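Architecture and fold: a report
Now for the letters of each chain:
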Amino acid sequence: MSSTELPSVPATTALPKVAPVRVADGERLRSVGLPGITLSVRSRPPARAGLPPALYVHGLGGSSQNWSALMQQLEGVVEGEAIDLPGFGDSPPPDDGDYSVTGHARAVIRFLDAAGRGPVHLFGNSLGGAVATRVAALRPDLVRTLTLVSPALPEIRVQRTAVPTALLALPGVTTLFTRFTKEWSAEERVRGVTLLCYGDPGRVTPEGFRSAVEEMERRLQLPYFWDALTRSARGVVNAYTLGGQHGLWRQAERVLAPTLLVYGGRDQLVGFRMAQRAARAFRDSRLLTLPDAGHVAMMEYPDTVARAFCELLGETGESADGVPSGEPAVAVSPDGGGPVVDGGGAAAESAGS
């Protein structure tokens with residue numbers, strides 16, 4: 001039994017009364033019960049009937065709220081849903097306590113199979129990118145296209161700024177960290193996360209910061225918050241060590257779906273240098289590079305990411321009606337990989353205007 005499969009806080013006893021999860025204007029939130037898991041699902045009503053389905057998967061410590069901006073950008077292009085992975089957002093822990101990448105991928109597959117909406121346009125960020133890669137490799141019938149924003153794929157040399165997050169996987173580190181930071185306010189915690197995840201923290205609006213603080217206050221009241229975070233971090237580290245057909249890079253090579261890769265030049269958690277390797281690994285890839293973006297480009301530059309996704313649809317013969325306005329990205333051919341969508345500095349700057 002791996003360390004990510006040890007018994008965890010039972011979902012049935014870990015549901016205290018906390019503040020409700022924030023739902024933005026135009027969004028809906030519902031709970032979906034599946035064997036062994038209950039998932040919270042965020043969605044926006046599509047602009048019209050008949051749009052193809054899309055599913056968004058967040059990263060470590062995130063939630064479905066991380067996709068709200070991009071979902072709004074694409075509401076005229078796809079019928080989008082974003083899930084809270086087990087133990088995150090408004091989803092309770094899984095019954096079996098499995099927070100491994102495979103466990104999270106199993107949750108996504110169960111949801112898609114039960115919903116019968118596949119194949120979907122699948123999006124993933126960070127941990128969600130690793131999860132989405134595994135889903136696309138194991139169940140190609142469920143994935144129409146794949147869009148990965150700073151996917152957590154194995155790196156031999158991790159950045160120093162990513163080491164503290166990786167250390168959460170070590171036994172006892174979370175206990176020490178929570179003891180050391182017990183006096184930290186929700187505002188201080190959110191400010192630290194923002195500095196780590198954004199290329200330019202100044203892009204966070206005052207309203208966005210207040211919402212993040214409210215969500216942090218809510219999460220800190222959940223008795224399984226640190227357990228879910230720790231075991232999911234451990235799951236990522238464990239996935240990095242897997243070789244053979246279960247290795248994430250090997251599974252990336254098996255992905256058949258047209259793939260859009262998005263990397264930020266100021267990402268402190270996933271190395272920007274991994275972008276070209278990823279472009280070579282995925283057999284049908286496009287690469288969007290945003291020099292000024294950090295780890296969550298879909299939150300920092302949602303319109304740029306949306307335009308690149310719509311270009312992907314156009315290249316693959318999918319309908320791209322309702323494409324967000326703006327200058328198209330420039331397509332070029334990299335060495336050893338598929339077409340590259342080069343966002344460049346100008347594209348990144350236009351996203352904030």
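Here the structure is shown first, and the text comes after it.
Quick notes on the rules
- Residues numbered from 1 in each chain as written.
- Predicted model: local features only at pLDDT ≥ 70, side-chain atom pairs only at ≥ 80, totals over all residues.
- Heavy atoms only, no water.
- Buried < 20%, exposed > 50% of the residue type's maximum accessible area, 1.4 Å probe, protein only.
- Helix = DSSP H or I, 4+ residues; strand = E, 2+ residues; numbered from the N terminus.
- Pairing = 2+ DSSP bridges.
- Contact = heavy atoms within 4.5 Å.
- Axes fitted to C-alpha atoms, helices over the stretch in contact; angles between N-to-C directions.
- Parallel < 35°, antiparallel > 145°, perpendicular 65-115°, else oblique.
- Left-handed = near helix turned anticlockwise from the far one by under 90°.
- Nonpolar A, V, L, I, M, F, W, Y, C, P; charged D, E, K, R; others polar.
- Polar contact = N/O pair within 3.5 Å; in protein donor to acceptor, adjacent residues only side chain to side chain.
- Arc of directions from axis to C-beta.
- Salt bridge = Lys/Arg side-chain N within 4 Å of Asp/Glu carboxyl O.
- Right-handed = clockwise from strand over helix to strand, strands pointing away.
- Patch = residues over 30% accessible without salt bridge, like charges linked within 9 Å, V, L, I, M, F, W, Y side chains within 5 Å.
- Areas by Shrake-Rupley, 256 points an atom, 1.4 Å probe, with all protein chains shown as cover.
- Lys, Arg positive; Asp, Glu negative; His and termini not counted.
- Charge placed at Lys NZ, Arg CZ, Asp CG, Glu CD.

Across the seven residues of strand S2 (residues 37-43), six count as buried, placing the element largely inside the fold. Across seven bridges, strand S1 (residues 28-34) lies against S2 in antiparallel orientation. From the neighbouring strand, Arg 30 faces S2, where its bridge partner is Val 41. Here S1 hands over to S2 after two residues, with Gly 36 in that stretch at a positive phi of 85°.

Structurally, Val 101 can be placed in helix H2 (residues 101-115). Val 101 sits in the buried class, given a relative accessible area of 2%. Taking the C-alpha atoms as reference points, Val 101 and Thr 133, separated by 32 residues in sequence, lie 10.0 Å from one another. If we skip the residues at most four places from it in the chain, Val 101 touches Leu 127, Ala 130, Val 131, Arg 134, Gly 235, Val 236 and Ala 239.

One can describe the packing of H2 onto helix H3 (residues 127-138) by two numbers: an axis separation of 9 Å at closest approach and a directional angle of 65°. Judged on the interaxial angle alone, H3 and H2 are roughly perpendicular. Once H2 is placed against H3, the crossing between them reads as right-handed. Seen from H2, the contacting residues are Val 101, Thr 102, His 104, Ala 105, Val 108 and Ile 109; seen from H3, they are Leu 127, Ala 130, Val 131, Arg 134 and Val 135. By residue class, the composition of the contact of H2 with H3 is eight nonpolar, two polar and one charged.

With that settled, the discussion passes to the side chain of Ser 150. With respect to the element layout, Ser 150 can be found in the loop between strand S6 (143-149) and helix H4 (163-167). Overall, the relative accessible area of 0% leaves Ser 150 in the buried class. Side-chain polar atoms of Ser 150 contact the side chain of Asp 267, separated by 2.7 Å.

Moving on to helix H10 (residues 274-281). Among the residues of H10, Met 274, Ala 275, Ala 278, Ala 279 and Ala 281 are the ones counted as buried. All buried residues of H10 lie within an arc of 165° about the axis, which places them on one face of the element. Taken together, the buried residues of H10 touch helix H9 (248-254), strand S7 (259-264) and strand S8 (285-290).

With that settled, consider the side chain of Arg 218. Here Arg 218 is to be found in helix H7 (residues 206-220). Within the structure, the side chain of Arg 218 is placed 2.9 Å from the side chain of Glu 215, a separation counted as a polar contact. Here Arg 218 is in contact with Val 18, Ala 19, Pro 20, Val 21, Gly 89 and Asp 90, once residues within four sequence places are set aside.

Applying the stated criterion across every chain yields a total of 16 salt bridges. The residue Glu 81 makes a salt bridge to Arg 117 at a minimum N-O spacing of 3.0 Å. Of this pair, Glu 81 sits in strand S4 (residues 79-84) while Arg 117 sits in the loop between H2 and strand S5 (120-125), and the two are 36 residues apart along the sequence. The class for Arg 117 is buried, based on a relative accessible area of 17%. Between Asp 141 and Arg 139 there is a salt bridge whose closest N-O contact spans 2.9 Å.

Another point: the environment of Pro 291. Examined against the element boundaries, Pro 291 turns out to sit in the loop between S8 and helix H11 (297-300). Measuring from C-alpha to C-alpha, the distance between Pro 291 and Asp 267 comes to 9.1 Å, with 24 residues separating the pair along the chain.

What follows deals with the pairing of S4. Here S4 lies mainly inside the structure; five of its six residues are buried. Where S2 lies against S4, four bridges are found, and the strand directions are antiparallel. Looking at S4, one finds that Val 41 is bridged to Ile 83. Across five bridges, the pairing between strand S3 (residues 53-57) and S4 is parallel. Along S4, the bridge assignment pairs Pro 53 with Glu 79. Between the parallel elements S3 and S4, the chain passes through helix H1 (residues 68-73) in a crossover that is right-handed.

Here the focus is a negative patch on the surface. Taken together, the side chains of Glu 187, Glu 188, Glu 214 and Glu 217 define an acidic patch exposed on the protein surface. For the negative patch, the elements supplying multiple residues, two or more each, are helix H6 (186-197) and H7. By the element assignment, Glu 188 lies in helix H6. A relative accessible area of 41% means that Glu 188 is categorised as partly exposed.

On to unusual backbone geometry, then. Of the consecutive residues Gly 118 and Pro 119, the connecting peptide bond is found in the cis state with omega at 0°. Along the chain, the position of Pro 119 falls in the loop between H2 and S5. Despite not being glycine, Ser 126 shows a phi value in the positive range, around 55°. Positionally, Ser 126 belongs in the loop between S5 and H3. The phi torsion at Ser 150 lies on the positive side, around 45°, for a residue other than glycine.

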